[in-house]
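In case you want the letters, here they are:
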Amino acid sequence: MNALARNWWAVVLRGVLAIAFGLIAFFYPTLTLPLLVLLFGAYALVDGVFAFLAAMRAAARHERWGAFILEGISGVAAGILTFVWPAMTALVLLYLIAAWAVITGIFEIVAAIRLRKEIAGEWMLGLGGLASIVLGVLLVVYPSSGALVVIWIIGLYAILFGVLLLGLGLRLRGMAGAAAVQKAL
């Protein structure tokens, strides 16, 4: 059983955090830009740390870990840059989020492709990666669409991505449980 299935809870937690972030963006769309900056920074940083944890656990088990470490680097870097320059303009934040989304999406698709023979439901991770790339492209193509629309796009993305991660995590939980039962027999 691979590290991802054993640590299904980390995938579920990432999904729950993404959904919570998305709901905050929808229910409080008039948040000031500094608060949005801090929320995004915290989300990217925590998401990056969880990707690092997944990489370390996979490396300890001699499984593929490269895509997770690169995803972790991009998340932590985006979070740190957001906290270092909190007064940055909305456009710079928009491009930072867009770049982070595209980079993260690419690494998630790579991870899904590499995991396709090891787990069932890897398509959810790949679809989450595709959603990340679409978000990044939309933010670059429509940068002047207004803060409210941007907040809603980010919120929608976070909820969609969170639901996909939640589904993947629960599927991994089932795999981990089935493997434990087989091991006991």
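Quick caveat: nothing in here was measured; it's all calculated off a predicted structure. (Residues numbered from 1 in each chain as written. Predicted model: local features only at pLDDT ≥ 70, side-chain atom pairs only at ≥ 80, totals over all residues. Heavy atoms only, no water.)

Engineer: With reference to specific residues and values, describe the environment of Trp9.
Structural biologist: Examined against the element boundaries, Trp9 turns out to sit in helix α2 (residues 8–27). Take Trp9: its relative accessible area is 37%, and that puts it in the partly exposed class. For the pair Trp9 and Leu170, spaced 161 residues apart in the sequence, the C-alpha separation amounts to 8.2 Å. (Helix = DSSP H or I, 4+ residues; strand = E, 2+ residues; numbered from the N terminus. Buried < 20%, exposed > 50% of the residue type's maximum accessible area, 1.4 Å probe, protein only.)

Engineer: How would you explain the side chain of Thr104 if you had to name every residue and give the values?
Structural biologist: Locating Thr104 in the fold gives a position in helix α5 (residues 90–115). A distance of 2.8 Å separates a polar atom in the side chain of Thr104 from the backbone oxygen of Trp100. Setting aside residues no more than four positions away along its own chain, Thr104 makes contact with Glu71 and Ser74. (Polar contact = N/O pair within 3.5 Å; in protein donor to acceptor, adjacent residues only side chain to side chain. Contact = heavy atoms within 4.5 Å.)

Engineer: Let's hear about unusual backbone geometry: which residues, and what values?
Structural biologist: The phi angle of most residues is negative, glycine excepted, and most peptide bonds adopt the trans form. A positive phi angle is found at His62, which is not glycine, with a value near 60 degrees. Residue position: His62 is located in the loop between α3 (33–60) and α4 (66–84). The class of His62 is exposed, set by a relative accessible area of 76%.

Engineer: Summarise the nonpolar core; cite the residues concerned and give the values.
Structural biologist: Core analysis: the biggest nonpolar cluster contains 40 residues, and Phe40 and Trp100 have the highest contact counts within it. Among the elements of the structure, α1 (3–6), α2, α3, α4, α5, α6 (122–141) and α7 (147–184) are those that each provide at least two residues to this core. With ten residues, α5 is the largest single contributor of residues to this core. When residues no more than four places from it in sequence are discounted, the contact partners of Phe40 are Phe21, Ala78, Thr82, Leu93, Leu96, Ile97 and Trp100. (Core = buried A, V, L, I, M, F, W, Y, C linked by side-chain atoms within 4.5 Å.)

Engineer: Run through the pattern of salt bridges, naming residues and quoting values.
Structural biologist: For the structure on display, the rule yields three salt bridges. Arg14 is paired through a salt bridge with Asp47; the nearest N and O atoms lie 2.6 Å apart. One end of the pair, Arg14, is in helix α2; the other, Asp47, is in helix α3, and 33 residues separate them in sequence. Here the two residues Arg14 and Asp47 agree in accessibility, since each one is buried. Note that Arg14 is salt-bridged to Glu71, the shortest N-O span being 2.6 Å. Of the two residues, Arg14 sits in helix α2 while Glu71 sits in helix α4, which places them 57 residues apart along the sequence. Each member of the pair Arg14 and Glu71 is classed as buried. Members of the salt-bridge network, linked through shared partners, are Arg14, Asp47, Glu71 and Glu108. (Salt bridge = Lys/Arg side-chain N within 4 Å of Asp/Glu carboxyl O.)

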